[in-house]
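Structural description and commentary
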Amino acid sequence: MAQIERIADDLVVIDVHYNHTPQVISAYLLLGERPALIESGPTSTVDTLLAGVREAGVDPRDLRAVAVTHIHLDHAGGAGTLARRFPQLEVYVHPAGAPHLIDPARLVASAGRLYGDALQRLFGDVAPVPEGQVKVLQDGESVLLGSRQLVALDTPGHANHHHAFWDPASADLFTGDVAGVALPGSRYVRAPTPPPQLDLRAWDRSLARLRALRPRRLLLTHFGPHTWVADLLAQLEARLQRNLQLVREGLAAGESEDAITGRLRAETLREIELRDGPGASARYELIMPVWQSVTGLIRYVHTSEQEESRAP
Ligand SMILES: [Zn+2]
């Protein structure tokens, strides 16, 4: 059974129970004239998602749209399965993400290199979204979801195909992964820096853009609403820089990727458990493993150095 929480008259958080674990991946159900979801979650949790939609009083056949913040499998892996089951659904996506919803082969291969044998168990099969149901949103374009007119904001950094969705009327901001990972009950923000499109400079600009909107509430995919907006964004910004520094130092000292991962893991564990008590880091590790963040950062350091050496 899905757990749902109504966080506004027209807005419900659905906990999709990723890997049978509560409060790791959320999807948002927007109620009103055009019932819609933000995020599909992975295919492995589509049935739980739909149970949550029903529990909120909506017949899934009445859903009109799914808007995904980006195409990583934990956010959009289930979009094709949903679209095939419900042909009335329109799937809204960043221009750079659209081709990978229509043909997920490269996306799945890339995720397979990261997750290996665990891919199928964690995310399930990834069905293509029928091309006619894919709707590309450009930066600044708005879309009616539920009863809200939300604005898509190009927010690269975590990925180059990332949208945040801004509701100027309520000052709610749906952040996908660009505002990091902060799980309920915790005030720790993990910096999700997976390969392959990580770009920390672009991420900084995206955070400045989000801050300038003065959001009242951040609605994270991992997980739920947070009102400590300034602290959350500041913590993410500092942690991105700190993690980059740790990886740069490790590479300069000739450390192996495993050694760097070990150092970042130890530091992260200390910080989370200092704030939230022993055992608190396991949920964070499930959704954004430290090794994956290190892999992304190492790749970013190498590619950004190459770009610098090519610059005139
Ligand atoms: Zn994610």
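In this text the structure is predicted, and so the values were computed from the model without any measurement. (Residues numbered from 1 in each chain as written. Predicted model: local features only at pLDDT ≥ 70, side-chain atom pairs only at ≥ 80, totals over all residues.)

1. Some remarks on the overall build of the protein chain
Our working rule: The helix and strand labels rest on DSSP assignments: H or I over at least four residues marks a helix, E over at least two residues marks a strand, and numbering proceeds from the N terminus. C-alpha atoms define the radius of gyration in this analysis, and the globule rule sets the expected value at 2.2 Å times the number of residues to the power 0.38. With C-beta atoms placed from the backbone, a residue is labelled by how many other C-beta atoms lie within 10 Å of its own: buried for 20 or more, exposed for 12 or fewer, partly exposed between the two. Each residue gets a C-beta atom placed from its backbone, and two residues are in contact if those atoms lie within 7 Å.
Of the regular secondary structure elements, the protein chain holds 11 helices and 13 strands. Compactness check: the protein chain gives a C-alpha radius of gyration of 19 Å against a globular reference of 20 Å for 312 residues, within 12% of the reference. Dimensions of the protein chain, computed from the C-alpha atoms along their principal axes, are close to 55 × 40 × 40 Å. Counting across all 312 residues of the protein chain, residues that qualify as buried make up 48%. Look at the contacts in the protein chain between residues 6 or more apart in sequence, and 68% of them connect residues 24 or more apart.

2. Some remarks on the nonpolar core
As a reminder, the rule being used: One nonpolar core equals one set of buried Ala, Val, Leu, Ile, Met, Phe, Trp, Tyr and Cys residues connected by C-beta atoms within 7 Å. Domain start and stop positions are those given by an automatic or database domain assignment.
In terms of nonpolar packing, the biggest core is built from 82 residues, with Ile14, Tyr28, Leu29, Val66, Ala67, Ala79 and Val91 touching the most fellow members. Each of domain 1 (3-237) and domain 2 (242-310) contributes no fewer than three residues to this core. Non-local contacts of Val66, meaning those with residues more than four positions away in its chain, are made with Ala36, Leu37, Ser40, Ala79, Leu82, Leu89 and Val91.

3. Focus on the domain arrangement of the protein chain
Segmenting the protein chain into domains produces domain 1 (3-237) and domain 2 (242-310). Domain 1 and domain 2 are separated by 24 Å when their C-alpha centres are compared. The interface of domain 1 with domain 2 comprises 20 residues on the first partner and 19 residues on the second.

4. Quick notes on the sheet that holds strand E2 (residues 11-15)
The test is simple: Think of it this way: DSSP has to see at least two bridges between two strands before they count as a pair. As a rule, the C-alpha atoms of each element are fitted with a line to give its axis, helices using only the stretch in contact, and angles between N-to-C directions run from 0 to 180 degrees.
Taken in spatial order, the seven strands line up as E1-E2-E3-E4-E5-E6-E7 in an open sheet, and their pairing is mixed. The sheet is open, and its two edges are formed by strand E1 (3-8) and strand E7 (134-136), each paired on a single side. Across this sheet, the average inter-strand angle for adjacent strands is 25 degrees, counted without regard to direction. Where strand E5 (residues 65-67) meets strand E6 (residues 90-93), three bridges bridge the pair, whose relative direction is parallel. Residue Ala67 lies in a different strand from E6, and its bridge partner there is Tyr92. Here helix H1 (residues 46-55) sits on the sheet in contact with E1, E2 and strand E3 (26-30), set at roughly 145 degrees to E2.

5. A look at H1
Of all the residues in H1, the buried ones are Val46, Thr48, Leu49, Leu50, Gly52 and Val53. Buried residues along H1 sit in contact with E1, E2, E3 and helix H3 (79-85). Once H1 finishes, Gly57 follows within two positions and takes phi at roughly 90 degrees, a positive value.

6. Overview of the pairing of strand E8 (residues 142-145)
Bridge analysis of E8 against strand E9 (residues 148-154) gives four bridges, and the strand direction is antiparallel. Across the sheet, Val143 pairs through a bridge with Leu150, a residue of E9. Here E8 folds back onto E9, and the loop between the two strands holds two residues, one of which, Gly146, carries a positive phi near 65 degrees.

7. Notes on the sheet that holds E9
With mixed pairing, the six strands of this open sheet are ordered in space as E8-E9-E10-E11-E12-E13. Whereas interior strands pair on both sides, the edge strands pair on one side only; in this sheet they are E8 and strand E13 (224-226). The average angle at which neighbouring strand axes cross in this sheet is 30 degrees, direction not considered.

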